[in-house]
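Structural overview for review
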Amino acid sequence: MRMKTLGKSGLKVSVVGLGCNNFGMKCDQTETDAVVGKALDLGITLFDTADMYGGQGGSETMLGKALGARRKDIVLATKFGLPMGPGGYMQGASRRYIMNAVEASLKRLGTDYIDLYQIHFPDAETPIEETLSALDDLVRAGKVRYVGSSNFTGWQLVEAWYIAEKKGYAKFISAQNHYNLLDRKIEADLVQAANAYGASVLPYFPLASGMLTGKYKRNAAGPNDSRLVMWGERAKSILTDANFDIVEKLEAFAAARGHTILDVAFGWLASQPHVGSVIAGATKPEQVELNVKAGEWEMSAEELAEVGKISFRF
Ligand code: NAP
């Protein structure tokens, strides 16, 4: 497994990571154990979850159990900020909430430190200085090793960097944002800021929820147990003709080189210098196997340019 370093830090992560938002939702504990076990066996070291995944706590709890004693061998990433309860106090990025949220995550994960603690969404009601100060205290207390952002725009990342620099706080080493071959909007803004201010991009929805795996075909029913079929109406914004136009061209590009579209989706992201790790979710061990293999493709400059051209649309 190829490793990359996250941002301007010494933290090394596997170029293929595991997104854990299926745990406690689509996967029960037995299924979670199987997926996590396969990921560990194949050399995946970055596991990305969040406090609210799996019905507010289910993913962290199941992931902690599945990792067991092997927790020490991996980089455990989680997030805080989305609502964990009613009333307005169980969410956001205030010092008061962060100090509660981290203890709850540590307990559910069954660990005494988090490797990468990420703010899930910007909190417009809390000064970023307050958030950064609280996160810095967690780093100094040893409860958190590194901090990262998620769903920030370019200017928000730069603002956070500037305040952290001025105050001597821990800086964000990662920027987790929506990014895949069907949605490259962040290249116009966030990616530039991440490059300039020492953060690696962790692309979420790297497979466009499965659209980039080859299992959905235009005007045909997808597999019954797949996400985009189970989503029903909600999946219509992904299963569009415009997306199938790109998917079909990517499939032809892949086939001409003895690859699959899954290989292209992983290989293209993993070959970008600004991407730290491709944290695709998986519901079955077989998917993890295919995903790890797909991440092995180190694309040439020509291949990157060709895929870039096929997928360009902004
Ligand atoms: P994704 O990686 O684009 O899609 C994953 C889904 O595609 C799997 O759950 C599986 O669904 C299917 N799949 C995966 N590998 C496959 C394979 N080899 N063959 C066929 N199907 C395959 O989307 P995601 O898992 O939602 O996102 C990745 C991670 O990003 C999450 O787990 C989470 O950690 C993170 N995330 C973060 C945010 C944020 O706001 N920061 C938002 C969303 C996600 P089925 O088997 O059900 O079809």
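Just above sits the structure.
The structure displayed is predicted, hence computed values, not measured ones.

**Let's talk about helix 3 (residues 95-109)**
Here helix 3 is 15 residues long and its end C-alpha atoms lie 21 Å apart, about the 21 Å a rise of 1.5 Å per residue gives. Of all the positions in helix 3, only Y97, I98, A101, V102, S105, L106 and L109 are classed as buried. Buried residues along helix 3 cover an arc of 160° about the axis, so they all sit on one side. Among the structural elements, helix 2 (53-67), strand 5 (75-80), strand 6 (114-119), helix 4 (128-140) and strand 7 (144-150) are those in contact with the buried residues of helix 3. Where helix 3 ends, the next residue or the one after it, G110, has phi of about 65°, a positive value.

**What about the pattern of salt bridges?**
Once the charged atoms of two side chains with opposite charge are near each other, the side chains can pair. Across all of its chains, the model carries 20 salt bridges by this definition. The salt bridge involving E60 is made with R108; its shortest N-O contact spans 2.8 Å. With E60 in helix 2 and R108 in helix 3, this pair connects stretches of sequence that are 48 residues apart. With a relative accessible area of 0%, E60 lands in the buried category.

**With respect to the nonpolar core**
Ranked by size, the top nonpolar core spans 88 residues in total, and within it L18, F47 and Y117 carry the most contacts. Per-element accounting of this core gives the leading share, eight residues, to helix 9 (residues 261-270). Ignoring anything within four residues of it in the chain, the contact list for F47 reads L18, C20, V36, A39, L40, L63, L67, I74, V75, L76 and A77. L6, A77, L116 and L202 belong to the second largest nonpolar core, which has 10 residues in total.

**Here we look at the site of the ligand**
Around the ligand there are 32 residues in total, and K26, D48, K215, T283 and N291 lie nearest to it. A distance of 3.2 Å separates an oxygen atom of the ligand from a polar atom in the backbone of C20. S150 is positioned with one of its side-chain polar atoms (N or O) 2.8 Å from a nitrogen atom of the ligand. Here the ligand has 910 Å² of accessible area as a free molecule, and 95% of this is covered by the chains. A total of three residues in the shell around the ligand trace back to one element, the largest contributor, which is helix 10 (residues 285-294). When the residues that make up the shell around the ligand are grouped by side-chain class, the tally is 12 nonpolar, 15 polar and five charged.

**Quick look at the sheet that holds strand 8 (residues 172-178)**
Note: strands within a sheet are paired through backbone hydrogen bonds, in either parallel or antiparallel orientation. Taken in spatial order, the seven strands line up as 3-4-5-6-7-8-9 in an open sheet, and their pairing is parallel. Each having just a single partner strand, strand 3 (18-19) and strand 9 (200-204) make up the two edges of the open sheet. In terms of strand pairing, strand 7 meets strand 8 through three bridges, oriented parallel. Bridge pairing in strand 8 links S150 to Q176. The strands touched by helix 2 within the sheet are strand 4 (46-48) and strand 5, with strand 5 carrying the most contacts at an inclination of about 165°.

**Examining the packing of helix 1 (residues 29-41) against helix 10**
Relative to each other, helix 1 and helix 10 sit at 25°, their axes nearing to 8 Å. Relative to helix 10, the element helix 1 is oriented roughly parallel. Remark: the crossing between helix 1 and helix 10 carries right-handed chirality. For the pair helix 1 and helix 10, contact is made by A34, V35, K38 and A39 and by P285, V288 and E289, respectively. The residue makeup of the contact of helix 1 with helix 10, split by class, is five nonpolar, no polar and two charged.

Parameters at a glance
Residues numbered from 1 in each chain as written. Predicted model: local features only at pLDDT ≥ 70, side-chain atom pairs only at ≥ 80, totals over all residues. Heavy atoms only, no water. Helix = DSSP H or I, 4+ residues; strand = E, 2+ residues; numbered from the N terminus. Expected span 1.5 Å × (residues − 1). Buried < 20%, exposed > 50% of the residue type's maximum accessible area, 1.4 Å probe, protein only. Arc of directions from axis to C-beta. Contact = heavy atoms within 4.5 Å. Salt bridge = Lys/Arg side-chain N within 4 Å of Asp/Glu carboxyl O. Core = buried A, V, L, I, M, F, W, Y, C linked by side-chain atoms within 4.5 Å. Near = heavy atom within 4 Å. Polar contact = N/O pair within 3.5 Å; in protein donor to acceptor, adjacent residues only side chain to side chain. Areas by Shrake-Rupley, 256 points an atom, 1.4 Å probe, with all protein chains shown as cover. Nonpolar A, V, L, I, M, F, W, Y, C, P; charged D, E, K, R; others polar. Pairing = 2+ DSSP bridges. Axes fitted to C-alpha atoms, helices over the stretch in contact; angles between N-to-C directions. Parallel < 35°, antiparallel > 145°, perpendicular 65-115°, else oblique. Left-handed = near helix turned anticlockwise from the far one by under 90°.

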